[in-house]
Amino acid sequence: MSAALGFVLNAAGLFVPLGIELKGALEKPKQGTSVQIIVGSGDGTTGGNVPHIALWDDDGNRIGQYHPSKKDKISEGEPRTITVEHTQTRPKYQQADPYYVTLSNLENDAICIAAVTIANEKISGTFYGDTGFSCGQSWFLSRNKIGQSFQTPRCVWLDADHTNKINARALSFHLNDLAPSTDKLSQYQENKDSLCKSTPRFSFWGNLLPDGIVPFFKPKLQYKEDSSGGGEGADEDPKKVIDKNNQYDKSVYMHQGEHKQKTGRARDTGSANHNPEHLVITDYEDHDVREVCEHPNSYGWDVVSTRQGLFCDIDQKQLYVLCSDAVKDNCFDLENKVIVPKGGMGSRDELSAHVLAKTYKTLDHWKN
């Protein structure tokens, strides 16, 4: 099959097309849809429990679900392809096109998703973590090179108990709105609300359970013909796709308008560091450590960019230059993996007292 297209952010912050090949596609005889999940990179724990998957057609009829066992895992560096059989069509196993997709993590084992590819015999498309990043979902860098252009989309976190303020248990998207047509991407670039504040198009959810129902576009959307050669382009009327104020409750468990459930407290230590004993060093050109440190929704690991000459203490969201012959203090010593405070090691400077000692037991060097 041809590459399943989606879009990512390039180094200039622009949405650009990116295709990915689906590995281990659906085998006959039963009708179904193939779902490939690629997780991000870190200390070996960005993988985790396979999320529950639900698919609907463009009319909002559910066509199939995948309910993983607790032992069903995805590992870093190992794309996982799952067949979602069409057991909920009427009659069963009929051909149906998966326009709406939901992934929900029922477990407390956080997973960071870089890409989700959806494909059957008629349609295909790919969600990349850059969409979640653009719209405010918890995220981190990833070294997974995807597609012929070898892009490295960010990964976005899903976690049932919101450890350390991870803000999503589930995500959902309208597949054909991820198609990277020229006019569609221009619209998203110029009016990000038409992507991020259009809940049926894309949303992340704090509590949505595997059997939860997401909103659908009713009536179906109308699109202009794309200027690059036909097909679905920008929205006929972008105002119709943008949510009204307080139209959707993103904290629901099953559906809009539900009676609120009482839940236990989320496990939250307040740290943005997934593992304080692990350090990531990246040589990648498109990895921006300054962005990691300055972004309110970044969650992952302390990280060094050798290209930028910067170190990010992700828990403190504090940026340091790398120590050099010209910079001797208030910097990060890459050789010894320590922060050298203002005034040097052993300084009694008031600011130095607030510099936390780093003790890294593991390291991952992402070489370009």
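Everything numeric in this text was worked out from a predicted model, so none of it was measured.

A. Focus on the pattern of salt bridges. Taken as a whole and assessed by the stated rule, the structure comprises 14 salt bridges. As a salt-bridge pair, K220 and D59 come within 3.1 Å of each other at their nearest N and O atoms. Here D59 lies in the loop between β5 (52-56) and β6 (62-66) and K220 lies in the loop between β15 (202-205) and β16 (223-225), a separation of 161 residues in the sequence. We note a salt bridge from R290 to E294, for which the minimum N-O separation is 3.7 Å. Remark: E294 and R290 occur in helix α4 (residues 289-294); sequence separation between them is four residues, near one turn of the helix. Because the salt bridges share partners, they merge into one network encompassing D177, K184, R201 and D235.

B. Fine view of the sheet that holds strand β23 (residues 338-340). The strand order across the open sheet built from seven strands is β23-β22-β21-β20-β19-β18-β24, with neighbouring strands paired in mixed fashion. Lying at the two open borders of the sheet, with one neighbouring strand each, are β23 and β24 (362-366). Strand after strand, the sheet turns through a mean of 30° between neighbouring axes, direction not considered. Here three bridges tie strand β22 (residues 331-333) to β23, and the two strands are oriented antiparallel to one another. In the strand pairing of β23, C331 is matched with V340.

C. Here's a closer look at the state of the cysteines. Taken as a whole and judged by the stated rule, the model has four disulfides. Here C112 pairs with C155 through a disulfide, and the sulfurs are 2.1 Å apart. Where C112 bonds to C155 through sulfur, the torsion about that S-S bond is close to 90°, and the disulfide is right-handed. With C112 in strand β10 (residues 111-119) and C155 in strand β13 (residues 155-158), this residue pair connects regions lying 43 residues apart in the sequence. The class of C155 is buried, set by a relative accessible area of 0%. Put simply, C323 and C331 are joined by a disulfide, and their sulfur atoms are 2.0 Å apart. Residues C323 and C331 are joined through a disulfide that is right-handed, its torsion about the S-S bond being 95°. You can call C331 buried: its relative accessible area is 0%.

D. A look at empty space enclosed by the protein. Per the counting criterion, the structure on display carries one cavity of 30 Å³ or more. Quantified by volume, the largest cavity comes out at close to 30 Å³. Lining the largest cavity are Y100, V101, S172, F173, T199, P200, V214 and P215. Put simply, the parts of the chain that give the lining of the largest cavity at least two residues each are β9 (100-104) and β14 (170-174). Residues that form the lining of the largest cavity fall into these classes: six nonpolar, two polar and no charged.

E. Representation of the side chain of T126 in the model. Its location among the elements puts T126 in strand β11 (residues 124-128). Side chain to side chain, T126 and T117 meet in a polar contact 3.1 Å long. Apart from the residues lying within four places of it in its own chain, the contact partners of T126 are A4, L5, G6, F7, I20, A115, V116, T117, L175 and L178.

F. The arrangement of the packing of aromatic side chains in detail. Summed over the entire model, instances satisfying the criterion amount to 12 aromatic pairs. Ring geometry for F127 against F173: centres 5.3 Å apart, planes inclined by 5°, an arrangement best described as stacked. Of this pair, F127 sits in strand β11 while F173 sits in strand β14; the two residues are 46 residues apart in sequence, bridging distant segments of the chain. For the pair shown, F127 and F173 are each scored as buried. When the ring of W157 is compared with that of Y299, the centres are 5.2 Å apart and the planes differ by 80°; the resulting orientation is edge-to-face. Of the two residues, W157 sits in strand β13 while Y299 sits in the loop between α4 and β19 (302-305), which places them 142 residues apart along the sequence. Here W157 and Y299 have matching classes, each one buried. Stacked on the ring of F133, the Lys or Arg R154 has its end atom at 4.0 Å from the ring centre. Between R154 and the ring centre of W139, over which it is positioned, the NZ or CZ distance is 5.7 Å.

Conventions adopted
Residues numbered from 1 in each chain as written. Predicted model: local features only at pLDDT ≥ 70, side-chain atom pairs only at ≥ 80, totals over all residues. Heavy atoms only, no water. Salt bridge = Lys/Arg side-chain N within 4 Å of Asp/Glu carboxyl O. Helix = DSSP H or I, 4+ residues; strand = E, 2+ residues; numbered from the N terminus. Pairing = 2+ DSSP bridges. Axes fitted to C-alpha atoms, helices over the stretch in contact; angles between N-to-C directions. Disulfide = S-S within 2.5 Å. Buried < 20%, exposed > 50% of the residue type's maximum accessible area, 1.4 Å probe, protein only. 1 Å grid on protein atoms, 1.4 Å probe; cavity = no way out; pocket = protein on both sides within 12 Å on 5 of 7 lines; lining within 4 Å. Points joined across faces, edges and corners; volume = space filled by probe spheres on them. Nonpolar A, V, L, I, M, F, W, Y, C, P; charged D, E, K, R; others polar. Polar contact = N/O pair within 3.5 Å; in protein donor to acceptor, adjacent residues only side chain to side chain. Contact = heavy atoms within 4.5 Å. Phe/Tyr/Trp six-rings, centres within 6.5 Å; stacked < 30°, edge-to-face > 60°. Lys NZ or Arg CZ within 6 Å of the ring centre and 35° of its normal.

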